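Below, each chain spelled out in residue letters.
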Amino acid sequence: MRLYDYAASGNCFKVRLLLGMLDLDCERVPIDIFAGDTLTCEFAMLNPVRETPVLELDSGERITQSNAILWYLAEGTAWLPDTPLGRAQVAQWLSFEQERVMGGLGGPRFRLLTGRATAEEVEPRLATGREALAILGDQLMARDWVVGAAPSIADLSLFAYVSVAPVEVPGAVAAWLDRVRALPGFLDDFVPYPDNARPGAGSSIY
Ligand SMILES: N[C@@H](CCC(=O)N[C@@H](CS)C(=O)NCC(=O)O)C(=O)O
């Protein structure tokens, strides 16, 4: 297996997290988004949407979209429930992650840290992020994990951008972040944005 991977991407980080937890052998191909690596014809063949992560299987088949990759890797393991309800609830939280957490925390963080927007400009998006954290905090008030009684890919997916939220997180969310960090195989290799992520310093789809 081969992971086309950008080290400073939360979407790639969540896949690296699960690969580590499952102790799977996977070649990591570094993609430098802001050096224009996703703008090449070769990359468009890998993913026409020109985004990382992309997982390439030994058969040559490819999977894009971080949460679809998590689902594929977790199938048949303890990271994905085997009941229809448990699976539906995982899908529910994976959609919440893309809609509210990536959009409300990951996006504003990227814009703030790379100098693309001011605190005032990101405030409307951050309002969505704060609301998402409150909803997640309510979910975790009386339970250790987002779905069921054990950690699942819903926890790993949410962890990526919540762990670097540019706003204060509720107490129940902070405690859950620590529980994820304490899981066997956990490795935090989520790196800060490099210099070429500043506007004008590189070229990408942004
Ligand atoms: N919904 C997608 C989002 C992926 C995404 O936004 N990837 C960003 C990095 S976090 C990317 O590769 N952008 C390519 C570029 O800027 O050229 C997923 O979950 O995989």
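Residues numbered from 1 in each chain as written. Predicted model: local features only at pLDDT ≥ 70, side-chain atom pairs only at ≥ 80, totals over all residues. Heavy atoms only, no water.

Caption draft 1: A look at the side chain of Asn 47. Along the chain, the position of Asn 47 falls in the loop between α2 (41-46) and β3 (54-56). We classify Asn 47 as buried; its relative accessible area is 3%. Dropping the residues within four chain positions of it, Asn 47 is found in contact with Val 54 and Thr 64. (Helix = DSSP H or I, 4+ residues; strand = E, 2+ residues; numbered from the N terminus. Buried < 20%, exposed > 50% of the residue type's maximum accessible area, 1.4 Å probe, protein only. Contact = heavy atoms within 4.5 Å.)

Caption draft 2: Representation of the pairing of strand β2 (residues 27-30). Summarising the sheet, strand β1 (residues 2-5) and β2 pair through 4 bridges and their orientation is parallel. Note that in β2 the partner of Arg 2 across the bridge is Glu 27. (Pairing = 2+ DSSP bridges.)

Caption draft 3: Focus on the domain arrangement of the protein. Here the protein is partitioned into domain 1 (2-77 + 189-197) and domain 2 (84-181). Computed from C-alpha coordinates alone, the two centres of domain 1 and domain 2 are separated by 20 Å. With 19 residues of domain 1 at the interface, the matching set in domain 2 holds 20 residues. Summing both partners gives a buried area of about 1700 Å² for domain 1 against domain 2, and 66% of it is carried by carbon and sulfur. Its largest share of buried area at the contact with domain 2, domain 1 owes to Asn 67, Trp 71 and Tyr 193, together 35% of the area lost on that side. For the pair domain 1 and domain 2, the interface holds 2 salt bridges. For Lys 14, the salt bridge is made with Glu 97, and the minimal N-O distance between the two is 2.9 Å. (Domains from an automatic or database assignment. Buried area = accessible area lost by both parts, 1.4 Å probe. Salt bridge = Lys/Arg side-chain N within 4 Å of Asp/Glu carboxyl O.)

Caption draft 4: Broad picture of the packing of aromatic side chains. By the definition in use, this model includes 8 aromatic pairs. Relative to Phe 110, the ring of Phe 34 lies with its centre 6.1 Å away and its plane at 20°, an arrangement referred to as stacked. Placement of the pair is Phe 34 in the loop between β2 and α2 and Phe 110 in helix α4 (residues 84-113), with a sequence separation of 76 residues. The buried category is assigned to Phe 34, whose relative accessible area is 3%. With relative accessibility at 10%, the residue Phe 110 sits in the buried group. Taken together, the ring pairs connect Phe 13, Phe 159, Tyr 161, Phe 186 and Phe 190 into an aromatic cluster. The ring of Trp 145 has Arg 179 lying over it, and the distance from NZ or CZ to the ring centre is 5.9 Å. (Phe/Tyr/Trp six-rings, centres within 6.5 Å; stacked < 30°, edge-to-face > 60°. Lys NZ or Arg CZ within 6 Å of the ring centre and 35° of its normal.)

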